[in-house]
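# Structural overview for review
One letter stands for each residue in the lines below.
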Amino acid sequence: MTTTRTRPAPRPAAGAAAPLPQASLVVQGTDATGIVAAVTTALSRHGANIVSLDQYADSPRHGTFFQRAVFGMEDLVAVLPAVRASLDELARTYGLAYRLRDLSARRRAAVFVSKSDHCLLDLLWRHRQGQLPVDIPMVVSNHPDAAEQVRSFGIPFFHVPSAGPDKSAAETEHLRLLKGNVDFIVLARYMQILSSDFIDEVGVPIINIHHSFLPAFIGAGPYAKAKERGVKLVGATAHYVTADLDEGPIIEQDVVRVTHADTAADLARRGADVERAVLSRAVLWHAEDRVIRNGNHTIVFS
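These figures come from a predicted structure and were not determined experimentally.

The helix and strand tally for the chain stands at 8 helices and 15 strands. Its C-alpha atoms give the chain a radius of gyration of 21 Å, within 12% of the compact-globule value 19 Å for 302 residues. With the principal axes as the frame, the chain shows a C-alpha extent of 60 × 45 × 40 Å. Put simply, the chain has 302 residues, and 45% of those count as buried. Taking the contacts inside the chain whose residues are at least 6 apart along the sequence as the reference set, 66% of them involve residues at least 24 apart. Carbon and sulfur atoms form 53% of the exposed surface of the chain, whose accessible area is close to 15,100 Å². Across the chain, the 32 positively charged side chains and the 32 negatively charged ones have centroids separated by 4 Å.

This brings us to the packing of helix H7 (residues 222-229) against helix H8 (residues 264-287). Closest axis-to-axis distance for the H7/H8 pair is 9 Å, and the angle between their directions is 120 degrees. Comparing the axis directions of H7 and H8 gives the class oblique. Where H7 crosses over H8, the handedness of that crossing is right-handed. Of the residues in H8, those in contact with Tyr223, Ala224, Ala226 and Lys227 of H7 are Ala264, Leu267, Ala268, Gly271, Ala272 and Glu275.

On to unusual backbone geometry. The phi torsion at His62 lies on the positive side, around 60 degrees, for a residue other than glycine. Take His62: it is sitting in the loop between strand E3 (49-57) and strand E4 (64-72). Positive phi is not limited to glycine here, since Asp289 has a value of about 60 degrees. Of note, Asp289 is situated in the loop between H8 and strand E14 (291-294). Here Asp289 falls in the buried class, since its relative accessible area comes to 3%.

Glancing now at H7. Among all positions in H7, only Pro222, Tyr223 and Ala226 are buried. The buried residues of H7 occupy an angular sector of 95 degrees when projected down its axis, which confines them to one face. On its buried side, H7 packs onto strand E11 (206-211), strand E12 (233-240) and H8. At the exit of H7 stands Gly230, carrying a positive phi of roughly 70 degrees.

We now examine the pattern of salt bridges. By the definition in use, this model includes 12 salt bridges. Across the pair Asp254 and Arg281 runs a salt bridge, and its minimum N-O distance is 3.1 Å. On the criterion of sequence distance, the pair formed by Asp254 in strand E13 (residues 250-257) and Arg281 in helix H8 is long-range, its members being 27 residues apart. A relative accessible area of 33% means that Asp254 is categorised as partly exposed.

Turning our attention to the packing of aromatic side chains. Counted according to the given criterion, the structure contains 2 aromatic pairs. With 6.1 Å between their ring centres and 20 degrees between their planes, Tyr56 and Phe66 make a pair best called stacked. Taken together, the residues span a long stretch of sequence, with Tyr56 in strand E3 and Phe66 in strand E4 at a distance of 10 residues. When sorted by exposure, Tyr56 lands in the same class as Phe66, which is buried. Seen from their ring centres, Phe112 and Tyr190 are 5.3 Å apart, and the 90 degrees between their planes marks the pair as edge-to-face. Taken together, the residues Phe112 in strand E6 (residues 107-113) and Tyr190 in the loop between strand E10 (184-187) and helix H6 (196-202) connect sequence positions 78 residues apart. In this structure Tyr190 comes out as buried when scored by relative accessible area, which is 6%.

Now for the pairing of strand E15 (residues 297-300). Summarising the sheet, E14 and E15 pair through 4 bridges and their orientation is antiparallel. Bridging from a neighbouring strand, Val291 pairs with Val300 of E15. Between E14 and E15, which pair antiparallel one after the other, the connecting turn spans 2 residues, and Gly295 there sits at a positive phi close to 65 degrees.

The next point concerns the environment of Lys179. The topology assignment puts Lys179 in the loop between helix H5 (168-178) and E10. In sequence terms Lys179 and Phe112 are 67 residues apart; their C-alpha atoms lie 15 Å from each other. Once residues lying within four places of it in the same chain are set aside, the contact partners of Lys179 are Glu201 and Val202.

Scoring rules and cut-offs
- Residues numbered from 1 in each chain as written.
- Predicted model: local features only at pLDDT ≥ 70, side-chain atom pairs only at ≥ 80, totals over all residues.
- Heavy atoms only, no water.
- Helix = DSSP H or I, 4+ residues; strand = E, 2+ residues; numbered from the N terminus.
- Rg over C-alpha atoms; globule rule 2.2 N^0.38 Å.
- Buried < 20%, exposed > 50% of the residue type's maximum accessible area, 1.4 Å probe, protein only.
- Contact = heavy atoms within 4.5 Å.
- Areas by Shrake-Rupley, 256 points an atom, 1.4 Å probe, with all protein chains shown as cover.
- Lys, Arg positive; Asp, Glu negative; His and termini not counted.
- Charge placed at Lys NZ, Arg CZ, Asp CG, Glu CD.
- Axes fitted to C-alpha atoms, helices over the stretch in contact; angles between N-to-C directions.
- Parallel < 35°, antiparallel > 145°, perpendicular 65-115°, else oblique.
- Left-handed = near helix turned anticlockwise from the far one by under 90°.
- Arc of directions from axis to C-beta.
- Salt bridge = Lys/Arg side-chain N within 4 Å of Asp/Glu carboxyl O.
- Phe/Tyr/Trp six-rings, centres within 6.5 Å; stacked < 30°, edge-to-face > 60°.
- Pairing = 2+ DSSP bridges.

Here you go:
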């Protein structure tokens with residue numbers, strides 16, 4: 001396996017010239033000699049200045065190649081069509097897939113929540129502080145509890161009840177709200193199972209967060225069950241949602257140590273802290289095009 005990485009250039013000092021408009025390029029395909037040079041040449045041909053470059057190949061011979069580049073360019077919007085044409089030619093030559101995006105066009109994220117609001121409020125606070133480069137056009141919940149807090153952030157809140165085994169009415173309303181208005185969905189402790197039909201029809205990535213005890217402690221009261229077993233670690237997993245419940249490609253995970261002296265409430269509190277951190281990192285990395293899905297796992301240039 002091979003990995004190379006260059007770090008972003010330092011921020012300009014006060015009074016320095018404003019940075020160039022930036023775009024991200026994500027490339028994926030079969031590894032071959034000359035790909036890196038071909039990509040960088042295609043960009044430099046149009047006057048691009050590469051400020052960050054990460055790449056990885058999962059095998060030294062004919063493995064899969066992954067690359068993320070961030071570049072700056074004068075008149076970026078006007079020049080991007082020509083850059084895209086060069087990348088189309090490159091993709092045909094090397095059999096690559098790529099994603100090219102103007103980073104000034106922020107991704108739109110809808111946040112779904114139930115009653116536990118710790119992840120939701122953390123995301124909204126980070127968004128307000130400018131720590132998450134996303135727009136949040138709506139928060140959707142199957143309970144009305146968080147409405148007032150969400151609206152205090154100036155974000156629309158939609159209460160869509162979802163009770164009983166038949167979720168079709170709720171999912172129809174979700175699709176009405178979401179279609180054409182979001183680029184991805186964040187399940188910030190949304191305690192409802194999404195149907196495979198909904199996942200297919202909504203057509204955007206969905207990120208979920210859950211505690212790290214699965215599949216050991218399924219159902220209600222996982223922290224009480226963990227306390228009874230004397231666990232020594234609690235943690236969280238953020239992953240993309242697929243039709244297979246909680247088995248989608250993992251984006252980020254983390255854990256903290258606990259001891260015999262911690263109560264079930266202590267475990268839940270510390271678990272909530274980890275959930276907030278893990279979900280915010282997953283959302284940030286997705287929003288910055290740092291995550292590449294490859295089958296049921298991910299390459300994350302964090």
